[in-house]
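Architecture and fold: a report
Each chain, written out:
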Amino acid sequence: MSKFYAILLDTFLEIRSSKIIYLYAAITLVLLLVFGLFPSIDIESGNIPKGSLFSPELASEVMAFFFSGFLGFVIFLMVFGSAWLLPAYLSRGRVELILSKPINRFRLLSMKFAAVFMIKSGILITMTILIWIILAIRLDSFSGYFFFGLLLGCLQFLAIYTIVFAIGVIGRSGVLAIMGYFIIRIVSGLLSSREIVYNFLGDSVWKTIIDIFYYILPKIGEMDSNYKSLMTGNGFSNTFAIYTTLAFSAALFLITLFIFRRRDF
Amino acid sequence: MIDDSKAIEITNLSKIFKGGARGEVRALDDVSFDVHTGEIFGLLGPNGAGKTTMVKLLLGSLYPTSGTASINGHDISTEAARHKIGFLPENHQFPSYLTGRQMLLYFGGMAGLPQAELKTKIDFLLKMVGMFDWRNSKLKKYSKGMMQRLGLAQALINDPEIIFLDEPTDGVDPIGRREIRDILLNLKRQGKTIFLNSHLLSEVESVCDRVGILNKGKLIKTGPIGGLITAKPAYRVETAGLTENIIGKIKESFPGANIEDNIISITLDDSKQINNLVDLLRQSEIDVISVTPIKVSLEDSFMRLIKGEEVHE
C-alpha cells in the first residue's frame, strides 16, 4: 500500500466521519428537488432578460448566475469543513507517531494537502455536476462551458484551502484558520476597491504600500467575476486575478512546507 | 541474544527549549549512551527528566540543539533511521474514527508495507494482543487498556528491529501488563531491541537488561539491572532473644547494625562477614532462627541516585 494511498484513505474516513458531509448531501438533495420540481416562472424584471426562468434562451445566464453563487457558497462551507483537518493531524499524540515513519516532512505534508484537496474538490465536483445535470435537463442546455466554471471553482478552492492549510499548520488551530480566511477575504475585497481609498490619501507612499499589498495578496473576490464570462462562453475576464492568486498560493504553500520541516513537535 | 553491535548510539545529545514562561529550558544536557542490539534498555527518571524528549529526538519529532545520534548506523536526521523501527508514544491519540483494523492498515501503509502482506499481518497482530474480536469496532469505543494493546500492535506492524515504547503498560490491568511483559520478552528472544520508557520500576526490573537513569536532563547512571539492584550485601537475622550484653557486642563489631525486637538488620561490605555475625551469636548461645538476604530493589537504587547518593555496583 503506498503512503499516499494510506493518507488518502485516512483522510477520506476522517471527512466521512464528520457531520458536515451530511450537510453537503442535504444541500444537494434540496437543490435537486427544487430544480427538478420547481415550476418555470416568468421573469419580469431584474438583471436576467425577460422570459421564462427555465427557458433555453436564458440557460447560460441562469447557469452562470446560479453556479457562481452556488460554488462560492459550497467553497465557503468547505473552508469550515476542512479548517480542523490539519490541526487534528498535527495534534499531540498523533504527530509524533506520523513523524516516526520513514517519510520526509515535505512529502508528508504535501501528500496530506493533496489528499484533502482531492477529496474536498471531489465532493464539490460531484455536488455541482449532479445539480448541473438536473438544471441542464430543465433548461434543455448541456453547454460544455459549465465545466470551465467548475474548473475555476476548483482553482478558487485550491487558493482558499492553501490559506486555511497554512494557518492550520503554522497556528495549529482550526479557529485561527477560519479567521485568517475571513481576514484575507475582507482585505482582498477592500484592496480591489482601493481606488476609492486613494481619494482620501494624499501621500503617494501609502498608495504604493496599498498597491504592493494588492499585488501580493490573493484576489479571491475578483476571481468570481470570471464565472459569468466563462459559463457564457466568453473566456476569462480577469486572468490577472487568477495568476496572481495562484502564485500567492504556491508561495504560501512552499513557505508552509519549510516552516513545517524545521518545526519541533 | 544481545550482541556488541549498537542499535542506538547517542553522543553528547542536548536539547534546549527557548522562550516560554520559564525562559531557556535544558531538557537534555550532554547525554551519551548506547543501546546494544538485542537488549531491552530501560530509560528511567522522574517526571520532567527528559525521557520523552530523548525519544522524540531519536524519532524525528524534535531537532537536537547539539550532539549526534544514530539508529542502526543511520543518523537520526535521515529517513533511513526510521526504517524498521516501531514506536508507541505516551498519551497517543489514535484517530477515533478508524476501526482497529483500519488503524493498523493506515500505519502499515505509512511504514511502506504492501497491502497483501498487511492483511495477514494485521490479523496475526490483533490476535497476539488480544484485540481480534474488536477489529471492526471504532477506536472511540475502546478503553485505555485496549488502545494500549492496539498501539503495541501498531508498533509491531512493520516487523521492526528496534521498538520504542513510552509507558507501554499505562492504563493496562495487571493481567494485560503481564501479557505485554511476555510479549516484550518474546520479542527479545527474536533478537529485537527494545527501548523502554517506564515509571513502573517493577516492570523495568523484570524485563530490562540495562537501564539508564535521567534526572533534570542529565544522565546520572547507566548499567546492567543486576548492578543497580545489588548494592552492598544486606541481611535480616532473626534470633530467639538478645540480651543487652550481646547487643553491645554486636554493635561493637558491627556499628551499622540496626537491632529491634530480636531482629538484626545489617549491611555488610562483604557477604562473608555474615558468618562472623552468626558465629558471634552462636558463641553467645543465642539461637539463630533465620538469616534472610535483603534484596535492594531498583526503586531503592533509583531513589538514592535521584537524591544524589552513591550506588555501589
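The structure presented is a predicted model; accordingly, all values stated were derived computationally and were not measured. Here the residue numbering is sequential within each chain, running from 1 through the sequence in written order. Chains carry letters from A onward and ligands carry numbers from 1 onward, assigned in written order. Where totals are concerned, whole chains, interfaces and linings use all residues; where local detail is concerned, this predicted model gives features only for residues with pLDDT of at least 70, and gives and counts side-chain atom pairs only at 80 or more. Hydrogens and water molecules were not included; the side-chain quantities draw on all heavy atoms of the structure.

Quick look at the sheet that holds strand β4 (residues 66–71) of chain B
Residue and element names in this part refer to chain B. Ordered by their spatial adjacency, four strands build an open sheet running β2-β1-β4-β5, and the pairing between neighbours is antiparallel. Each edge of the sheet is formed by a strand with only one pairing partner; in this case those strands are β2 (25–36) and β5 (74–75). Paired strands, in this sense, are two strands between which DSSP finds at least two bridges. The helix count covers DSSP runs of H or I at least four residues long, the strand count covers runs of E at least two residues long, and both are numbered beginning at the N terminus. Two elements, β4 and β5, share two bridges in a ladder whose sense is antiparallel. Counterpart to I71 in the pairing with β5 is H74. Any two residues whose heavy atoms approach within 4.5 Å at even a single point are treated as in contact. Interaxial angles span 0 to 180 degrees and are taken between N-to-C directions of axes, which are lines fitted to C-alpha atoms, for helices over the stretch in contact. Packed on one face of the sheet, helix α1 (residues 51–59) meets β1 (6–17), β2 and β4 and runs near 115° to β1.

With respect to the interface of chain A and chain B
Between chain A and chain B, the residue contacts involve 31 residues of the former and 34 residues of the latter. Taken together, both faces of the contact between chain A and chain B bury some 2,900 Å²; the carbon and sulfur share is 57%. Elements that contribute at least two residues to the side of chain A that touches chain B include exactly α1 (3–17), α5 (95–99), α6 (105–139) and α13 (239–262) of chain A. Ranked by residue count, the leading element in the side of chain A that touches chain B is α1 of chain A, at nine residues. Residue composition of the side of chain A that touches chain B, grouped by class: 14 nonpolar, five polar and twelve charged. Once two parts are put together, the accessible area they lose, assessed with a 1.4 Å probe and summed over both, is termed the buried area. We call Asp, Glu, Lys and Arg charged. Ala, Val, Leu, Ile, Met, Phe, Trp, Tyr, Cys and Pro are nonpolar, and the rest, Gly among them, are polar.

Let's talk about the environment of N226 of chain A
Residue and element names in this part refer to chain A. Mapped onto the elements, N226 comes out in helix α12 (residues 225–231). The classification of residues rests on relative accessible area computed with a 1.4 Å probe and restricted to protein chains. Under 20% of the type maximum is buried, over 50% is exposed, and intermediate values are partly exposed. On the accessibility criterion, N226 (0% relative accessible area) is buried. The spacing of N226 and A241 is 15 residues in sequence and 9.3 Å in space, taken between C-alpha atoms. Apart from residues no more than four positions distant in its own chain, N226 is found in contact with L152, F236, S237, N238, T239 and I242.

Remarks on the environment of G171 of chain B
All names here are of chain B. Within the secondary structure, G171 sits in the loop between β7 (162–166) and α5 (174–189). With a relative accessible area of 48%, G171 lands in the partly exposed category. Here the alpha-carbon distance between G171 and M147, two residues 24 residues apart in the chain, equals 9.2 Å. Leave out the neighbours within four places in its chain, and G171 touches K144 and G145.

Observations concerning the pairing of strand β13 (residues 263–267) of chain B
Residue and element names in this part refer to chain B. Inspection of the sheet shows strand β11 (residues 234–239) paired to β13 by five bridges, in the antiparallel sense. The residue of β13 that forms the bridge with Y235 is I266. Two elements, strand β12 (residues 258–260) and β13, share three bridges in a ladder whose sense is antiparallel. For N258, the partnering residue across the bridge sits in β13 and is S265. Hairpin connection, β12 to β13: the antiparallel pair is bridged by two residues, and D261 has positive phi, about 50°.

Some remarks on the side chain of E96 of chain A
Locating E96 of chain A in the fold gives a position in helix α5. Residues in contact with E96 of chain A, not counting those within four places in the same chain, are S91 of chain A together with K56, S61 and F87 of chain B.

With respect to helix α10 (residues 298–306) of chain B
Regarding α10 of chain B, the residues found buried are L298, S301, F302 and L305 of chain B. Buried residues of α10 of chain B, seen end-on, are gathered within an arc of 100° and therefore sit on one face of the element. What the arc describes is the spread of directions from the helix axis to the C-beta atoms.

Details of the sheet that holds β7 of chain B
Residue and element names in this part refer to chain B. Read across the open sheet, the six strands follow the order β6-β7-β8-β3-β9-β10; overall the sheet is mixed. Sheet topology places β6 (85–88) and β10 (218–224) at the edges, where each strand pairs with a single neighbour. Looking at each pair of strands side by side, their axes are set apart by 15° on average, direction ignored. Where strand β9 (residues 210–215) and β10 come together, six bridges link them in antiparallel fashion. Within β10, the residue paired with N215 across the bridge is K218. Each of β3 (40–44), β7 and β8 (193–197) touches α5; the most contacted strand, β3, lies at about 130° to it.

Points about the pairing of β1 of chain B
Side-chain positions along a regular strand alternate between the two faces of the sheet. Residues and elements named next belong to chain B. Where β1 lies against β2, eight bridges are found, and the strand directions are antiparallel. If you follow I16 over to β2, its bridge partner there is R26. Taken together, the five bridges between β1 and β4 define a ladder with antiparallel strand orientation. Bridging from a neighbouring strand, E9 pairs with S70 of β4.

By themselves these figures say nothing about function.
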